Structures are given as C-alpha cells and as structure tokens.
Amino acid sequence: MQQAGMMSLNRRVLLSATLVLLVFIAGIAVTLDRAFYDSARMGVKDRLFAKLLMLMGDTEVEGNGRLDVTTNQHDAEFGHLNSDTFGFIVGRSNTILWRSISSLNKTIPTLALPEQGKKEFEQITINDAPHFIYRYSVAWETPSGDYPLTFNVITDTVLLDAQIERYREDLWGWLGVMVIFLLAAQMLALRWGLLPMRQVSVELAAIESGQQESLKGAYPRELRLLTDSINSLIAHEHKQQRRYRNGLADLAHSLKTPLAVLQGAIHGESDETARQKTIQEQIERMDNTIQYQLRRAATAGSSPGMGFILLRPLADRIVHTITKAYRDKKPEIAVDIADDLGLRIDEGDLMELLGNLIDNAFKWCRHHIHLSAGYQKNQIVIRVQDDGPGISQHEIARILERGVRADQSTPGHGIGLAIVRDIMQVYDGEMQIENNPEGGLGVILRFERGR
C-alpha cells in the first residue's frame, strides 16, 4: 500500500526542481529589487546634492549678514510653486533665513542642526508623507565674520515610488515569463534525463510479461551497475531454475539403471540370497544417488580437501552393476586402467561420469566395449569406446543437448551425455566425442593432472 501511494520518481524530481527554481527566482527578484531601490535612492541623493551645491553657488552673504540668493530665478524646480523639490537655508538658532518659492505651500520641518562641515542624507516624514532631505552645515566667511549656515534640500518620494513600482511590474513580468520558460525547459530536460529510468521500467515490464529475458538497452554508467546487477540476478534465477530441472532429470536418469537391475533381479534371479543381495545393493545405490543429487544442488566443483578416488575399483563396480541391467547383451569388456590411477573428484560425480558413459556404451555396442584411462602430458585422459553404429559428425553437438537422442527408437531420456558435459564443465575438464575408425563411438574426458 505504501508503494502504491508513493509519488513517482519523475514527479518527485520535477516537484523538487520546481520548488528550487521558484525559491531561486524569488531570491533573484528580491536581490534585484533591493539593488534597484538602493540605486534609485542613490540617484535621489546625488540629485539633491547637486541641487544643494547649486543653491550654495547662488548664495551670497552681505556684510550685515543678509542673504542674496538668485536660485529662484535660475532653477525651475525651486521657482515653481507645485514642485516636489524645495530648499531652505537656516542660520544660527535654527532660524529660516531663506526658502525657495516651491516651499511656500510646504511645511518646513524643524530639525536639529548638524555639525558644521558634515553632510547628511536621510529620510524624514512631513505631514505623514515620506521625504528625502540632504543637509550641509558650513561656516560662511565674510569680512565682518563667519556666519553659520545650514543648506537644506528636500524632495518627496512620489517619483521614486513610481519608478520602483514600474520596475517591479517589469521585473515580475519578465521573471514570470522566465519561470514559465525555465519550467518548460526543465520538464524537457528531466524527461530526457530520466529516459533511461523509464526505459529500465519498460524493459522490466517486458521481462515480467515474458517478452524478453534480460535488460538489453545501452544505459549510462550511473545505471550500468544497477542494470548489470539485475541481469546477473535474472541470469542466476534462470540458471537456478535450469539447475533444478536438470537435477530432477539427472535424478530420474540416474535411478533408471538401478531400477532396471531391480526389475531383472525380481524376474531373473533364482537364488533368493543373490536376489536379496542385489536388491540391497541397488537400494543403497539409489539412496546414494539421491543423496548425491541433493548435495550436488548445494555444491558444485572441486575443493582442495576433496578425496583422491581410484578409477579402477569404481569402474569395475559400475561395469558389474550395469552388466546386470543388460542381461540380454554379453559384450566383451576390456578395462585398461592402472590400479594406482586416480582423480581428486567427488565420488558421486565420478560415478555419474563413468556410469552414464558405460551405460551408453552398453546400450549401443554390438560386441565390444573398451574402457581405458592414463596420463597424457599434463592431463588424465579417460576413454570409453564401443563398436556400435556411431553417429554422423553433425549430430555430435545435438546429442549433448538435454533430451536429444541420436536414435529415437532406442529407449532413454537422452540426457546421459548432457549430464557428463555439465559435470565436466564444473571441473573445468574437456569432453570430446568422436567416431572410431573401426566403427563405433568414443567419448574422451580430459582432466588436469594436478586434480
């Protein structure tokens, strides 16, 4: 239920990226807005300072301390009654000595005098309306003495507020367009970037429905470990299923010979003691076979601690057992194996190898079977040959497939040689099938001598 309610990866990435984008755009907007406000405020400051310098330049102080200011005639803003900018000059005791025509309908604020030589720019409130003021206090030198004067220039914030409002409208309009464009570009980029993930999902669905067996797409290196792991898991699962199927088939095939011997003992043995002995031997063999197949399902291959198995005693025992299963055949059997020749191999695996090859030889031979083993360079080579009909060269690869028999008229499961091939692969051995020059088939097994 949690899985079903969980948001999709594409939606999660898109939502998180959209939130980050919106926060980023909002941050940019606030930063730009603050930068524009500071810049516009600095522009007002520079404009008022320029007005103040002009006012100082147009001011003359006569000997009796009387001011002569010509700014009202020269400046349109100071000389216009409805101007948003006005100026005034105060003297000692904060007394207004001069004011511009534009201030006649304005309230002159009462402010503390600044220190002489100090410039001040600040925002004040006049009649509940915000204004900017620039002040500069000087000691005006005249032949009759110094006169302290403070020059003041004030303007309202209407023009600044209009500029900021217009700027904000343009800013948010363009940022809105940018957000839409970036979101569209982001969706396309995410769609392209997450395409491999969607491809993995599609392929997994195809695997689940049985349309394909593995992930076959070419994926970026960030996903390659994931896809390779999934393919390995799928391959392992298929291999495990094959192993179970093969194990059942191998078990059935391995039990075929002792069952045939039991059947022959029931119907053919006249001596009750011999019959009981044969039945007991085959029951033990069937139990060993079942135990071996179960053990083989859990482990495969050799290990350094594996026992050394002599070939000759085991071969003689298998020949003796299989002879009872083929009572109608009396082939001449030649066993050419030295008594001290052996392999480090699981005894059950060796019995499967020799048992299937000797059983095949009995099944197809006419008169002779030759079983030999010996050293050849750095290998131990085991040969099982018969004088049967043999098979054509192009059929050799086919008979190694499970369930394929060279002659469909001959009873059998068609998996004996496939079992031999599987075991040889586990022990890194080589298996070779060839037709004998004098007729019949030969199977050659090659093991490394150190095994």
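All of these numbers come straight from a predicted model, not from anything done at the bench. (Residues numbered from 1 in each chain as written. Predicted model: local features only at pLDDT ≥ 70, side-chain atom pairs only at ≥ 80, totals over all residues. Heavy atoms only, no water.)

Trainee: Would you explain helix α8 (residues 311-325) in this entry?
Mentor: Since one α-helical turn is 3.6 residues long, residues separated by three or four positions face the same way. In this model, α8 (15 residues) spans 21 Å end to end at C-alpha, consistent with the 21 Å of a helix rising 1.5 Å per residue. Taken as a whole, α8 has its buried residues at L311, L314, A315, I318, V319, T321, I322 and K324. (Helix = DSSP H or I, 4+ residues; strand = E, 2+ residues; numbered from the N terminus. Expected span 1.5 Å × (residues − 1). Buried < 20%, exposed > 50% of the residue type's maximum accessible area, 1.4 Å probe, protein only.)

Trainee: In this structure, what is going on with a nonpolar patch on the surface? I would like to understand it.
Mentor: Judged by side-chain polarity, L15, L19 and L22 come together as a nonpolar surface patch covering roughly 260 Å² of accessible area. With respect to the helices, strands and loops of the structure, L15 is situated in helix α2 (residues 9-57). (Patch = residues over 30% accessible without salt bridge, like charges linked within 9 Å, V, L, I, M, F, W, Y side chains within 5 Å. Areas by Shrake-Rupley, 256 points an atom, 1.4 Å probe, with all protein chains shown as cover. Salt bridge = Lys/Arg side-chain N within 4 Å of Asp/Glu carboxyl O.)

Trainee: What exactly am I supposed to notice about α2 here?
Mentor: An ideal rise of 1.5 Å per residue puts 72 Å on 49 residues; α2 measures up with 71 Å between its terminal C-alpha atoms. Here α2 has its buried residues at T18, L21, I25, A29, D33, A40, V44, L48, K51, L52, L55 and M56.

Trainee: Just checking my understanding: could you explain unusual backbone geometry for this structure?
Mentor: In terms of backbone geometry, most residues other than glycine have negative phi values and most peptide bonds are trans. The backbone phi angle of S93 is positive, close to 65°, even though this residue is not glycine. Checked against the element boundaries, S93 lands in the loop between β3 (85-90) and β4 (96-99). In this structure S93 comes out as exposed when scored by relative accessible area, which is 65%. Located in the positive-phi region is K377, a residue other than glycine, with phi close to 55°. For K377, the location among the structural elements is in the loop between β11 (368-376) and β12 (379-386).

Trainee: Looking at this structure, I do not really get the packing of α2 against helix α4 (residues 158-193). What am I missing?
Mentor: Axes are the key here: two packed helices are described by the angle between their axes and the distance separating the axes. Where α2 contacts α4, the two axes come as close as 10 Å, and the packing angle between them is 155°. Taken together, the axis directions place α2 and α4 in an arrangement best described as roughly antiparallel. Between α2 and α4 lies a crossing whose hand is right-handed. (Axes fitted to C-alpha atoms, helices over the stretch in contact; angles between N-to-C directions. Parallel < 35°, antiparallel > 145°, perpendicular 65-115°, else oblique. Left-handed = near helix turned anticlockwise from the far one by under 90°.)

Trainee: Can you help me understand the side chain of D33 in this one?
Mentor: Structurally, the position occupied by D33 is in helix α2. A distance of 2.5 Å separates polar atoms of two side chains, one belonging to D33 and the other to R168. Setting aside anything within four residues of it in sequence, one finds D33 in contact with Y167, R168 and L171. (Polar contact = N/O pair within 3.5 Å; in protein donor to acceptor, adjacent residues only side chain to side chain. Contact = heavy atoms within 4.5 Å.)

Trainee: What am I meant to see in the sheet that holds β11 here?
Mentor: Hydrogen bonds along the backbone pair up the strands of a sheet, which may run parallel or antiparallel. Reading across from one edge, β9-β11-β12-β14-β13 is the order of the 5 strands in this open sheet, with mixed pairing throughout. Looking at the sheet topology across the chains shown, the edges are occupied by β9 (332-336) and β13 (430-435). The mean angle between the axes of side-by-side strands here comes to 15°, regardless of whether they run parallel or antiparallel. Bridging between β13 and strand β14 (residues 441-448) involves 6 bridges; their strand directions are antiparallel. Of the residues in β14, the one forming a bridge with M431 is L445. Contacts from α8 reach β9, β11 and β12, with the element oriented near 170° to β9. Contacts from helix α9 (residues 347-364) reach β9, β11, β12 and β14, with the element oriented near 25° to β12. (Pairing = 2+ DSSP bridges.)

Trainee: What is the right way to read the layout of surface pockets from this model?
Mentor: The gaps of empty space that remain are located by a probe, the size of a water molecule, rolled over the atoms. Its volume calculated, the second largest pocket comes out at about 550 Å³. Around the second largest pocket sit 22 residues that line it, and R285, N288, T289, R317 and M351 are the ones nearest its centre. Broken down by element, the residue count for the lining of the second largest pocket peaks at 8 residues, all from helix α7 (residues 272-298). Residue composition of the lining of the second largest pocket, by class: 3 nonpolar, 11 polar and 8 charged. (1 Å grid on protein atoms, 1.4 Å probe; cavity = no way out; pocket = protein on both sides within 12 Å on 5 of 7 lines; lining within 4 Å. Points joined across faces, edges and corners; volume = space filled by probe spheres on them. Nonpolar A, V, L, I, M, F, W, Y, C, P; charged D, E, K, R; others polar.)

Trainee: What is the right way to read the confidence of the model for the protein from this model?
Mentor: As a note on interpretation, predicted positions should not be read in detail where pLDDT is low. Of all residues in the protein, 88% have pLDDT values of 70 or greater, and the mean over the chain is 82. Note on residues 403-414: pLDDT is under 50 here. Beyond four places in sequence and across chains, it has 22 contacts. (pLDDT = per-residue confidence, 0-100.)

Trainee: Hey, could you run me through the pattern of salt bridges in this one?
Mentor: Scanning all chains against the criterion turns up 10 salt bridges. Across the pair E77 and K51 runs a salt bridge whose closest N-O atoms are separated by 2.6 Å. Within this pair, whereas E77 is found in the loop between α3 (71-74) and β3, its partner K51 is found in helix α2, the two being separated by 26 residues in sequence. By relative accessible area, E77 is classed as partly exposed at 22%. By relative accessible area, K51 is classed as buried at 12%. Residues K118 and E120 are paired through a salt bridge, measuring 3.9 Å at the closest nitrogen-oxygen approach. Since its relative accessible area comes to 18%, E120 is described here as buried. A cluster of three or more residues bridged by salt bridges with shared partners is formed by K118, E120, E122 and R135.

Trainee: What am I meant to see in a negative patch on the surface here?
Mentor: A cluster of like negative charges, contributed by D161, E165, E169 and D170, occupies part of the molecular surface. Take D170: it is sitting in helix α4. (Lys, Arg positive; Asp, Glu negative; His and termini not counted. Charge placed at Lys NZ, Arg CZ, Asp CG, Glu CD.)

Trainee: How do you make sense of the sheet that holds β4 when you look at a structure like this?
Mentor: Read from one edge to the other, the open sheet built from 5 strands follows the order β4-β3-β7-β6-β5, with strand pairing classed as antiparallel. Each edge of the open sheet is held by one strand with a lone partner, namely β4 and β5 (119-126). Strand-to-strand twist of the sheet, defined as the mean angle between neighbouring strand axes without regard to direction, takes the value 25°. Sheet topology note: the β5/strand β6 (residues 129-142) ladder contains 8 bridges and is antiparallel. When the bridges of β6 are listed, K119 appears paired with Y136. Lying over the sheet, α2 contacts β3, β4, β5, β6 and β7 (145-156), oriented at roughly 35° with respect to β6.

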